[in-house]
Each structure stands twice: as C-alpha cells, then as structure tokens.
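These are the residues of each chain, in order.
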Amino acid sequence: MCRKLSKYAVIFLFLAVFGLIFLLRNASTLENWNCHTISALDQLQSRIQSSFIPVNLPTFYHNHTFCAHLGQKPSPEDELEERYLLDSIAWPGPPPRSSPIVLHQTSDPVHSLFTILPTKEGWEWHVGDELEALVQMHDFQGRCKRYGGDFLLARLHSPELGAGVAGKVLDHGNGSYSALFPLLWVGSAQVEVTLVHSSEAVAVLRRLREERPDRVFFKSLFRSGSLSETTVCNMCLPPDQKPLCNYTDLYTGEPWYCYKPKVLGCDTRINHATGGYLKQLLTSKEAPLFQSGVNIKVHIHASGPDRINVLPPRKDRAEVESSVKPEAIQLAPSGYYYKDSWRPLNGVTMRQFNESSAITQCLKNKVIYMHGDSTIRQWFEHLLAFVPELKHFNLHSPKKIGPFMAVDSTHNILLKYRCHGPPIRFSTVIASEFRYISNELDGLSGGPNTIVVLSIWAHFSPYPVEVYIHRLRHIRRALVRLLDRAPGTIIVIRSANLRAQDKEVSLYDSDWYTLQLDEVLRAMFKGLNVLLVDAWQMTLAHHFPHDLHPPPAIIKNMIDMVLSYVCPETKKSQQ
C-alpha cells in the first residue's frame, strides 16, 4: 500500500512541476485569455445586475480653493440642481496609487483591441438591430487594464454610402467597454473606435480644471489721455496679490475682474483680449500621457473583422431583442448621415436648401439673432456667402469679432451676430461692446418672426463646470421669460462639437472638457421648447477630421436642419 502511495506521489509531483513550467512559459498567453474571459463574464454580470440595481455614480469633486465665489449665491433649488448635474457627469478615475503613474502602465491604443460580438441570432444583422463591439484596453506592456475611465469615441460608418452614426460607449469599470450602434442603413457598416485620452490623462485634466482655471488668462488696456496701462483679467483672481477692479454684471451677477492699474482708475478700461496660456502645467510623469499619435485620438484596431453587412429589416421585429437591453433605451442617436446628408431622428423632417432662393423664402420677414462664440459666427458667415441677397451692413466692427449685421431689404430679412460676454478668447473686443446673452434676450420682443440662435461652450473649458452651469442658468431663465411673453419665438441651440487635439489643445480645450459641458447643456435645456442642433454627433458621425470650426459640408447640414425646423415641409409638398 505504501509503495503504491509513493508511486502516485512521484507522479503527482511530476505533473505539478510540469504544470508550473507550462504556466511560466505561457503566462502572457494565459493572462490575455484570462483578461478576455473575465471581461466577458464581468460584462455579462454587469448586464444582469443593471436590470435590478441602480447605477451609483461617484460624487463629483468640488474644489473652490481658487475661486471662493462664482457670482451670486445660488438658491437651495439651484444648489440641488447643480449637485445633480455635477454628479451626472462624474467620471471614474484610476485607483489610488502609492507612487506616480508611469507611461507603460497606462492605456495604449496599439495594444488594445475591439471585437464585434454576434447577436442572439448569430452573425447576421438587419436594419433595426443593434451592433455591439467589445473593447478591451491594454497598457503599453500589453497587460490588460483592470479599471475604467478611458475616454473613447465610437462611430459606425460606410464610406461607400456616405453614411455614419455616432456610437454609445459604456464603461464596465474593469478595463472593458461596449461600443453600441443602431443599424440604420442597408449595406456595409464599419466600426471605428478611438482612444481620445487614457483614464490617467483624464485624471490630470480634471486636476487642471479644478486647480488651475487661470491657465488661460486675459488682459485689458486702460487708457486716459496719453497714459495707458495693461493688467491681467479673469473670472476670478487671487485678491491678496493686488487690488481688483470689479466688473461683475449688475443684472446676472456674472463675475469678471481685472487687477487695478497702478495709476489709472477702473473706469478707464478700453478693451478685452486674450492674454495667453500658462505653460509647464504638467509634471515629468504626466507629460508623456499627452502625445499626439501615441495616446491622443488614436484608433484602436479590431481583433477580427471590423465591418459587417447590414440586411434589410426583419419581417417580424417583435421577436428581436436587443443584446444589451437595459442600456438600449438610451441608445437612440439624434440622427445619422446617409449619402452625406444628415437625417434627424428627433422629429424634424430634413429638407435640402440647395438654392439661395429657398433660404430667402424661408427667412422672409424674419429677424435672426445669433449670440455666442465663433462656432455660431461661422453660421453667419456661411449664410452671408451662400445667400447673395443678404448684404453685409458695415458696422466698422473688428474682423472676426463683431458685432455684425446683414440685411436683405427685398425679402425683409435682418441677420445679426454678437459674441457672448467674458470669458471669450478673441484678439481684441471693445469693452463697451460686451453683452451677456441673458441680458440681450431680455431686450427682445420676440414673436413668430423672431429666430434666436445660441452657441456658448468653446471658451468655458478651462473653468470648473459650476461656472458653465451658472451661465446657462441665466440664459435658460431669460429664454423662459422670452417664451412666456412671446410663445411663438423660435429658439435654436447649437451644441458643442469635437475638435482637433494635440498636447497643447488638450490641456486647455480637451474634447473631454467639451463632452462634460455638452452633457450639462443638454440636461439644462431639456424640456424647453427649443431645437437642439447636435453638433457633437454631427461631427463624430462624419468622415471629416475633427475641427473647432467644422467644414462647410457639415455647416450646411446644420443650417439645413435649422431651416427645416423654421419652415417645415407642408403635406402638399410631401405628396
């Protein structure tokens, strides 16, 4: 009996040693296999749990150490809304570390992969189905990431058909993500997944936003007679350094300050201009997290096929269920491109305004007020270039600054543009020309022949989100007052859009900052009688490179959508 046991012990010992050698030699392969297996299991578990357990977002980090106040003290209701908005955009961060992060431990788009998943019916997709791609992030050493927080973009497109739609990315919190797409056209559809920033880079961006809102600064010229001085200005300035000039708006309470000139008084301010950008904001460990072509807006490759062929709709859609049922309700995009034309899914029937005469007939007897940043000035310039009947009325305003005005006396059309109040990074704006949008809205009579178009986002990226919430709250209240006294007034709000990114742009105007502002804007104007032009999805779904000022083809689609809303297609013309 003992001899038999001794014999078995030798066999077991041999097998154990052999197994250990096998594990050591194939550790990398096993880790990869384990990574994808665990991701799939975790994903399945999260889907099951999400049906029963509400998602608890991490509480947004509030930091008011730099700006002790941001204007008027909010009411309890405003504070409650602010807390809700900030919590709704809370972003998961990397786990705490005892030592500084190093590049090789961060997300690497080259080592990361995505895989198209089959439906319950197999490898066949029809219009009306939902496509899902599973993304697994790896670091620069090829190891699986075990936590979420990466900023990914996803789109489904077909260059042959001129089609594209924005995807929705779900973070599973374990290094894996689901990119979800509605299938809206018949034919080829290719998945594209892009890493904009790693979770580690996002953590740095969040720190900069909360701790260094002064990384973009401004200046004003003060002049009296032959004496002139220039000082630094911003939304909030440390009061312990120099005396301040307070230019807080009396009606809205929007704060703005300049350091007081040494000799001249505060009432001698002449203009406002961009002062510059603070440099050397990153540590030596943080700088490698922002490298163009390495970890800023780099595509992630597929581990297999990256495209599918979409078949016509199934005969019986009732039997088809989504593979990710809990999230599918939120998946509906605002629209998609087909044959390079935007097709809204928000109830607006798209018309093509390819002739200037069609535009003038639509805008006949109307006054259009455009307020905001340069992305709405771009609409003014597009209409001026495309509609020869609109004549620019020279107000002797600085180029690219405004205010601007154009008139079509034949069709009784008046088109006006004015930039929003500070912060705004324009070259030089005459101080007396500054207007806050809410104050301008309060001065309008409104009515069915009045169109108000707003776009305000691009200059708020460096600041804590609370600054943006406060500005939008004043605008929303002014819009409510306007619609109360003139219910027929047409209101259009242009959302934020994606832009080109490199290291410098990312630190001040990252798409991650823009995304957070954009989500706040959508939430704050939800339920109001306004048209939202979804510039975010219109730039994400298109094949053109991202640009702060999108190319004319995208601008035309945006303006066509507005005109389709202002002048909907009649039943007679539809027939």
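What you see is a predicted model, and the numbers here were worked out from it, not measured in a lab.

Considering the overall build of the chain
Reasoning step 1: Assigned secondary structure in the chain consists of 14 helices and 25 strands.
Reasoning step 2: Sorting the 575 residues of the chain into buried and exposed places 51% on the buried side.
Reasoning step 3: Excluding contacts between residues fewer than 6 apart, the proportion of contacts in the chain whose partners are at least 24 apart in sequence is 76%.
Reasoning step 4: Entry remark: accessible area of the chain is about 27,300 Å², with carbon and sulfur atoms responsible for 57%.

Considering the pattern of salt bridges
Reasoning step 1: Applying the stated criterion to the full structure yields 29 salt bridges.
Reasoning step 2: The salt bridge partner of Lys145 is Glu200, with a shortest N-O separation of 3.2 Å. Highlighted residues: Lys145 in the loop between strand 3 (130–139) and strand 4 (151–158) and Glu200 in helix 4 (residues 199–211), separated in sequence by 55 residues. In terms of burial, Lys145 and Glu200 fall into one category: buried.
Reasoning step 3: Across the salt bridge formed by Glu286 and Arg207, the nearest N and O atoms sit 2.9 Å from each other. One end of the pair, Glu286, is in the loop between strand 13 (271–277) and strand 14 (298–302); the other, Arg207, is in helix 4, and 79 residues separate them in sequence.

A short note on the confidence of the model for the chain
Reasoning step 1: In the predicted model, the chain carries a mean pLDDT of 88, and the fraction of residues at 70 or more is 84%.
Reasoning step 2: Contacts from residues 21–33, a stretch scored under 50 in pLDDT, to residues over four places away or in other chains number seven contacts.
Reasoning step 3: A low-confidence stretch, residues 318–329 (pLDDT under 50), is modelled with 20 contacts involving residues beyond four sequence positions or located in other chains.

Comments concerning the environment of Leu395
Reasoning step 1: For Leu395, the position within the fold is in the loop between strand 19 (391–393) and strand 20 (404–408).
Reasoning step 2: For the pair Leu395 and Ala406, spaced eleven residues apart in sequence, the C-alpha separation works out to 9.9 Å.
Reasoning step 3: Filtering out sequence-adjacent residues up to four positions away, Leu395 remains in contact with Pro403, Phe404 and Met405.

Considerations on the environment of Leu281
Reasoning step 1: On the secondary structure map, Leu281 appears in the loop between strand 13 and strand 14.
Reasoning step 2: Along the primary structure Leu281 and Arg215 are separated by 66 residues, whereas in three dimensions their C-alpha atoms are 8.2 Å apart.
Reasoning step 3: Setting aside its immediate chain neighbours within four residues, Leu281 contacts Arg207, Leu208, Arg212, Arg215, Glu286 and Tyr508.

Some details on the state of the cysteines
Reasoning step 1: Scanning all chains against the criterion turns up three disulfides.
Reasoning step 2: Between the sulfur atoms of Cys245 and its disulfide partner Cys266 the distance amounts to 1.9 Å. On the sign convention where negative is left-handed, the bridge of Cys245 and Cys266, at about -80° about the S-S bond, is left-handed. Within this pair, whereas Cys245 is found in strand 11 (residues 244–246), its partner Cys266 is found in the loop between strand 12 (257–259) and strand 13, the two being separated by 21 residues in sequence.
Reasoning step 3: Looking at Cys245, the relative accessible area reads 0%, which means it is buried.
Reasoning step 4: Given a relative accessible area of 25%, Cys266 falls into the partly exposed group.

Remarks on the sheet that holds strand 20
Reasoning step 1: Spatially, seven strands are ordered 19-20-21-18-23-24-25 in an open sheet, and the strand pairing comes out mixed. Two strands in the sheet have a free side with no partner beyond their single neighbour: strand 19 and strand 25 (531–533). Averaged over all adjacent pairs, the angle separating strand axes in this sheet is 20°, with direction ignored.
Reasoning step 2: Taken together, the six bridges between strand 18 (residues 367–372) and strand 23 (residues 450–455) define a ladder with parallel strand orientation. In the strand pairing of strand 23, Tyr369 is matched with Val452.

Observations concerning empty space enclosed by the protein
Reasoning step 1: On inspection of all chains with the given rule, the structure shows six cavities of 30 Å³ or more.
Reasoning step 2: Estimated volume of the largest cavity: approximately 100 Å³.
Reasoning step 3: Lining of the largest cavity is provided by Leu363, Ile368, Met370, Trp379, Leu383, Ile451, Val453, Ile559, Val562, Leu563 and Val566.
Reasoning step 4: Elements represented by at least two residues in the lining of the largest cavity include exactly strand 18, helix 7 (374–386), strand 23 and helix 13 (552–566).
Reasoning step 5: Top contributing element to the lining of the largest cavity by residue count: helix 13, with four residues.
Reasoning step 6: Within the lining of the largest cavity, the residues separate by chemical class into eleven nonpolar, no polar and no charged.
Reasoning step 7: If you add up the space inside the second largest cavity, you get close to 80 Å³.

A closer look at helix 4
Reasoning step 1: Its 13 residues give helix 4 an end-to-end C-alpha distance of 18 Å, which sits within 8% of 18 Å, the value for a rise of 1.5 Å per residue.
Reasoning step 2: Of all 13 residues that make up helix 4, ten are buried, and the element is covered over most of its length.
Reasoning step 3: Where helix 4 is buried, its residues touch strand 1 (107–116), strand 4, strand 8 (187–197), helix 9 (465–485), helix 10 (503–509) and helix 11 (511–525).

Things to note about the packing of helix 9 against helix 11
Reasoning step 1: Their axes nearest at 10 Å, the elements helix 9 and helix 11 cross at an angle of 30°. When the interaxial angle is binned, helix 9 and helix 11 end up roughly parallel. In this structure, helix 9 meets helix 11 at a crossing whose hand is right-handed. In this structure, helix 9 contributes Val465, Tyr468, Ile469, Leu472, Arg473, Ile475, Arg476 and Leu479 to the contact, and helix 11 contributes Leu517, Val520, Leu521, Met524 and Phe525.
Reasoning step 2: Its residues assigned to classes, the contact of helix 9 with helix 11 comprises eleven nonpolar, no polar and two charged.

Digging into the packing of aromatic side chains
Reasoning step 1: Overall, the coordinates contain eleven aromatic pairs when judged by the stated rule.
Reasoning step 2: Ring geometry for Phe218 and Trp256: centres 5.4 Å apart, planes at 65°, overall edge-to-face. On the criterion of sequence distance, the pair formed by Phe218 in strand 9 (residues 216–224) and Trp256 in the loop between strand 11 and strand 12 is long-range, its members being 38 residues apart. For the pair Phe218 and Trp256, a shared accessibility class is recorded, and that class is buried.
Reasoning step 3: Ring centres 4.9 Å apart and planes at 70° place the aromatic pair Tyr277 and Tyr508 in the edge-to-face group.

Quick notes on the sheet that holds strand 22 (residues 429–430)
Reasoning step 1: The six strands lie next to each other as 11-12-10-9-13-22, forming an open sheet whose pairing is antiparallel. Each edge of the open sheet is held by one strand with a lone partner, namely strand 11 and strand 22.

Calculation criteria
- Residues numbered from 1 in each chain as written.
- Predicted model: local features only at pLDDT ≥ 70, side-chain atom pairs only at ≥ 80, totals over all residues.
- Heavy atoms only, no water.
- Helix = DSSP H or I, 4+ residues; strand = E, 2+ residues; numbered from the N terminus.
- Buried < 20%, exposed > 50% of the residue type's maximum accessible area, 1.4 Å probe, protein only.
- Contact = heavy atoms within 4.5 Å.
- Areas by Shrake-Rupley, 256 points an atom, 1.4 Å probe, with all protein chains shown as cover.
- Salt bridge = Lys/Arg side-chain N within 4 Å of Asp/Glu carboxyl O.
- pLDDT = per-residue confidence, 0-100.
- Disulfide = S-S within 2.5 Å.
- Pairing = 2+ DSSP bridges.
- Axes fitted to C-alpha atoms, helices over the stretch in contact; angles between N-to-C directions.
- 1 Å grid on protein atoms, 1.4 Å probe; cavity = no way out; pocket = protein on both sides within 12 Å on 5 of 7 lines; lining within 4 Å.
- Points joined across faces, edges and corners; volume = space filled by probe spheres on them.
- Nonpolar A, V, L, I, M, F, W, Y, C, P; charged D, E, K, R; others polar.
- Expected span 1.5 Å × (residues − 1).
- Parallel < 35°, antiparallel > 145°, perpendicular 65-115°, else oblique.
- Left-handed = near helix turned anticlockwise from the far one by under 90°.
- Phe/Tyr/Trp six-rings, centres within 6.5 Å; stacked < 30°, edge-to-face > 60°.

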